[in-house]
Amino acid sequence: MSEEPKILASISGGKDSLAALITHIESGGRCDGAVYCRIMFDDETSAEYPEHEDFLFSKCFPTLEREYGVKTRVLQSPTNYIEQFYRRYEKGKNIGRIQGFPCSIVRGNWCTKLKTRPINAWKRETGKFTELVGIAADEEKRIERDTVKGKVLPLVEHGITEAGAREICKRHGLYSPAYTKGRERLGCWFCHNQGVQQLRLLRKKYPEYWKLLLKWDKDSPVFFKPDGHTVHDYDCRFQMEDELLISADDKVFRWSMMDEALNYRLF
Ligand code: SF4
């Protein structure tokens, strides 16, 4: 007799993955375990925002186990972001050069391998299973991509949007404190895909992290953003906002405004 495949949840501790898991269980579904992949910044420190890291280990994982009987397995790559950032090419036309920021249109984002490799190894070891995925009913593109055999999308099945997912997590005391002041997405604090408001918040709330980004910006042979903007560009922009020389309203901002404001300051 063949065993029923396991049902496992892939979680980040963000609102969508947790709301999906809660919704699945509360509507009578079974979950045999959760998996979380931890990206490390260096040997000691996680890449998560500190408040999210604390939430994961002191609140989220214990609550899932205690309230829902779901134990979380933590995966981790043997290498980390900083090691890879300063890793030198050993062959090819860039031989001897460091990798720098992962934002490369040609070579893709090397940082995602810090997650996909441990997850793929775990999938090979686990064998066949059904995966619970935290995609909300209003994320059309992601739904299209992830509606495949072997994956269950509880939020989509129940018509729950991102706003609905947020409410579910809040109701169950599982809403990460890292969602704060305009931070809509979690992920690595140094992520090059972060929006302007998240970067603005990082500079304000974690000046020591921002200083590190500025240092890497000098060392990196690759621009921070694919459009060629650097961390120093953003630093200059935020500084000018602080000095009220330009507006902090992202909707009206143009990079040329910075030159205009600088000219004004010079004359
Ligand atoms: S969150 Fe950003 S930095 Fe972290 S792995 Fe994903 S793309 Fe890379």
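Since the structure is predicted, the reported quantities are computational estimates derived from the model, not experimental observations.

**Q** Is there a simple way to explain the overall build of the protein in this structure?
**A** Within the protein, the regular secondary structure consists of 11 helices and five strands. Relative to all contacts within the protein whose residues are 6 or more apart in sequence, the contacts with residues 24 or more apart total 61%.

**Q** Mind showing me how you'd approach the environment of R237 here?
**A** Its place among the elements puts R237 in helix α10 (residues 231-242). R237 sits in the buried class, given 23 other C-beta atoms within 10 Å.

**Q** I would appreciate a short explanation of the pairing of strand β1 (residues 6-10) in the present structure.
**A** Looking along a regular strand, one sees the side chains alternate between the two faces of the sheet. As paired strands, β1 and strand β4 (residues 129-132) are joined by four bridges and run parallel to one another. Following the sheet pairing, A9 is matched in β4 by L132. As judged from the three bridges shared by β1 and strand β2 (residues 33-38), these two strands associate in the parallel manner. Note that in β2 the partner of L8 across the bridge is G33.

**Q** Would you mind going over the site of the ligand with me for this structure?
**A** In the neighbourhood of the ligand, the contacting residues comprise I39, P102, N109, C111, T112, L114, K115, G187, C188, C191 and N193. Residues that form the shell around the ligand fall into these classes: six nonpolar, four polar and one charged.

**Q** Hey, could you run me through helix α7 (residues 162-171) in this one?
**A** At 3.6 residues per turn, the α-helix brings residues three or four places apart onto the same side. Here α7 has its buried residues at A165, I168 and C169. Down the axis of α7, the smallest arc covering the buried residues is 95°, so these residues share one side. The outward face of α7, more than 90 degrees from its buried face, is lined by the exposed residues A163 and R171. Those residues of α7 that are buried lie in contact with α1 (15-26) and α6 (154-157). Within two residues after α7, G173 carries a phi angle of roughly 65°, on the positive side.

**Q** Before we go on, may I ask you to explain unusual backbone geometry in this structure?
**A** With the exception of glycine, most residues fall at negative phi, and the peptide bonds are largely trans. A positive phi angle, close to 60°, is found at L244, a residue other than glycine. Note that L244 resides in the loop between α10 and α11 (256-266).

**Q** I would appreciate a short explanation of the nonpolar core in the present structure.
**A** Soluble globular proteins tend to bury their nonpolar side chains together. Ranked by size, the top nonpolar core spans 53 residues in total, and within it A19, L21, A34, Y81 and L155 carry the most contacts. Composition of this core by domain shows at least three residues from each of domain 1 (6-186) and domain 2 (194-267). Contact partners of A19, with chain neighbours within four places excluded, come to G134, L155, I160, A165, I168 and C169.

**Q** Got a minute to help me understand the packing of α1 against α7 in this structure?
**A** Geometry of a packed helix pair, given as the angle between the helix axes and the separation of the axes. Two elements in contact, α1 and α7, have axes separated by 8 Å at closest approach and are oriented at 70°. With respect to each other, α1 and α7 are oriented roughly perpendicular. On α7, the residues touching K15, D16, L18, A19, I22 and T23 of α1 are E162, A165, R166, I168 and C169. Residues belonging to the contact of α1 with α7 are distributed by class as follows: six nonpolar, one polar and four charged.

**Q** When you look at the sheet that holds β1 in this model, what are you seeing that I'm missing?
**A** Strands pair in a sheet through their backbones, by hydrogen bonds, and they do so in one of two ways: parallel or antiparallel. Taken together, the five strands give an open sheet; going across it, the order is β3-β2-β1-β4-β5, and neighbouring strands pair in parallel fashion. Each edge of the open sheet carries a strand with a single partner, namely β3 (72-76) and β5 (151-152).

**Q** Explanation requested: the pairing of β4 in the structure shown.
**A** Direction of pairing for β4 relative to β5: parallel, over a ladder of two bridges. Opposite E131, over in β5, you have K151 as the bridge partner. In this fold, the crossover linking β4 to β5 by way of helix α5 (residues 140-146) has right-handed handedness.

**Q** Even after reading the chapter, I still don't get the domain arrangement of the protein, so can you show me in this structure?
**A** One frequent convention defines the size of an interface as the accessible area lost when the parts assemble. Each assigned domain of the protein is listed here: domain 1 (6-186) and domain 2 (194-267). Between the C-alpha centres of domain 1 and domain 2 there is a distance of 28 Å. Contacts between the two partners involve 11 residues from domain 1, matched on the other side by 12 residues from domain 2. Across the side of domain 1 that touches domain 2, the residue classes tally to five nonpolar, three polar and three charged.

**Q** Please clarify how the environment of W210 should be interpreted in this entry.
**A** If you trace the backbone, W210 turns up in helix α9 (residues 207-219). Residue classification places W210 among the buried positions, given that 20 C-beta atoms sit within 10 Å. The sequence separation of W210 and A165 amounts to 45 residues, and the corresponding C-alpha distance is 30 Å. Discounting chain neighbours no more than four positions away, the residues touching W210 are L202 and R203.

Parameters at a glance
- Residues numbered from 1 in each chain as written.
- Predicted model: local features only at pLDDT ≥ 70, side-chain atom pairs only at ≥ 80, totals over all residues.
- Helix = DSSP H or I, 4+ residues; strand = E, 2+ residues; numbered from the N terminus.
- Contact = placed C-beta atoms within 7 Å.
- Buried ≥ 20, exposed ≤ 12 C-beta atoms within 10 Å, placed from the backbone.
- Pairing = 2+ DSSP bridges.
- Near = placed C-beta within 6 Å.
- Nonpolar A, V, L, I, M, F, W, Y, C, P; charged D, E, K, R; others polar.
- Arc of directions from axis to C-beta.
- Core = buried A, V, L, I, M, F, W, Y, C linked by C-beta atoms within 7 Å.
- Domains from an automatic or database assignment.
- Axes fitted to C-alpha atoms, helices over the stretch in contact; angles between N-to-C directions.
- Parallel < 35°, antiparallel > 145°, perpendicular 65-115°, else oblique.
- Right-handed = clockwise from strand over helix to strand, strands pointing away.

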